[in-house]
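# Structural overview for review
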Amino acid sequence: MPAEDPPVHDDPGTADDPDRSEERLARDAYDELADSYAVNVRENAYNAHLEFPGTTSLVPDVEGERVLDAGCGTGAYTAWLVEGGAEVVGVDVSEEMLAHARDAVPDDAPAEFHQGDLAEPLEFDDDAFDGVVSALALSYVRDWDGVFGEFRRVLRDDGFLVFSTGHPLDQFGPDAPDAENYFEIERLTKEWDVEVPYYRRPFGELLRPLLANGFRLDDVHEPQPTEAFREQRPERYEKESTHPVFVCVRATAE
Ligand SMILES: C[S@@+](CC[C@H](N)C(=O)[O-])C[C@H]1O[C@@H](n2cnc3c(N)ncnc32)[C@H](O)[C@@H]1O
């Protein structure tokens, strides 16, 4: 029997007010961050030499496959999937991020982009995709039963899902002083150039909604920094080689 969803700590009570929803706040933040993110995702050691290699190592051969890039941001994964021979549909809540994503692939690439909210039902037909990739986007969505249920619906049987997110240990350690209760889903805020609201959750709440919504777990990967990371950020290499920052998961639609 699946466990009950843990209560959400510090729920700001915005769910009834669509103008103040967390998804909308995240969208507004990413609209502002879009220009810097487009550069960072290629140059920042944490993206380029830690998360990206970790997540892509789990993605199977995509030649000829139709893949949903859920929370595609500025299109780093879309471009990589297109290079691998996939036809890609990128979805993101932020129009500013999508504007960069459109520039990240050649004009004649088999890629299309849609503005959409992963916290809502997806606009696609059942069985529309062979695979779903979702990198670093799910922490902005509170209800993972809803989003995994939708991923399962739009995936064909045996289709793959690969996602990455912040590691629950990293989000509950000394670097996250606002986190209070490991076992709850907590709404916290990251201070980048703007405040970005997100949800941290216990490790079990990464996997329970997956297994409860028609997926079989294939692999869990906690990436460690690459040599390129060491060259770019030698002062962070020791710490990130001994403390997890991201977790990457692959599952199959049953
Ligand atoms: C950290 S970026 C990751 C982008 C891209 N996947 C990558 O790895 O480069 C997070 C992205 O999630 C998007 N996002 C946040 N909340 C979302 C939601 N509810 N629905 C769709 N996209 C969302 C943001 O707009 C942003 O582009």
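Under an unreviewed UniProt entry, the name given to the chain is Class I SAM-dependent methyltransferase, and the organism recorded is Halorubellus litoreus.

### Re the overall build of the chain
Counting secondary structure elements, the chain contains 8 helices and 10 strands. Based on the C-alpha atoms only, the size of the chain along its principal axes is roughly 45 × 45 × 35 Å. Looking at the chain as a whole, 51% of its 254 residues are labelled buried. Long-range contacts, defined as pairs at least 24 residues apart, comprise 69% of the intrachain contacts of the chain with a sequence gap of at least 6. For the chain, the separation between the mean place of its 21 positive charges and that of its 59 negative charges on side chains is 2 Å.

### What to know about the site of the ligand
Taken together, 20 residues are adjacent to the ligand, and G71, D92, D117, L118 and A135 come closest. One nitrogen or oxygen atom from the main chain of G71 is found 2.7 Å from a nitrogen atom belonging to the ligand. Coverage of the ligand by the protein chains reaches 99% of its 590 Å² of free accessible surface. Here the shell around the ligand takes 4 residues from helix α1 (residues 22-43), the largest share from any one element. Split by residue class, the shell around the ligand holds 13 nonpolar, 4 polar and 3 charged.

### Focus on the side chain of S164
Position of S164 relative to the elements: it lies in strand β6 (residues 155-166). Polar side-chain contacts of S164 include one of 2.6 Å to the side chain of E51. Look past the residues within four positions of S164 in its chain and what remains in contact with it is E51, T55, S134, A135, L136, A137, V247 and C248.

### Some words on unusual backbone geometry
A positive phi is found at D127, a non-glycine position, where the angle reads about 60°. Tracing the backbone through its elements, the reader meets D127 in the loop between β4 (111-115) and β5 (129-135). Notably, L136 is not glycine yet its phi reads approximately 55°, a positive angle. Position of L136 among the secondary structure elements: in the loop between β5 and α5 (144-154).

### Section: the pairing of strand β7 (residues 185-191)
The pairing of β7 with strand β8 (residues 195-200) spans 6 bridges and is antiparallel. When the bridges of β8 are listed, L188 appears paired with Y198. Here β7 folds back onto β8, and the loop between the two strands holds 3 residues.

Each value, and the rule that gives it
Residues numbered from 1 in each chain as written. Predicted model: local features only at pLDDT ≥ 70, side-chain atom pairs only at ≥ 80, totals over all residues. Heavy atoms only, no water. Helix = DSSP H or I, 4+ residues; strand = E, 2+ residues; numbered from the N terminus. Buried < 20%, exposed > 50% of the residue type's maximum accessible area, 1.4 Å probe, protein only. Contact = heavy atoms within 4.5 Å. Lys, Arg positive; Asp, Glu negative; His and termini not counted. Charge placed at Lys NZ, Arg CZ, Asp CG, Glu CD. Near = heavy atom within 4 Å. Polar contact = N/O pair within 3.5 Å; in protein donor to acceptor, adjacent residues only side chain to side chain. Areas by Shrake-Rupley, 256 points an atom, 1.4 Å probe, with all protein chains shown as cover. Nonpolar A, V, L, I, M, F, W, Y, C, P; charged D, E, K, R; others polar. Pairing = 2+ DSSP bridges.

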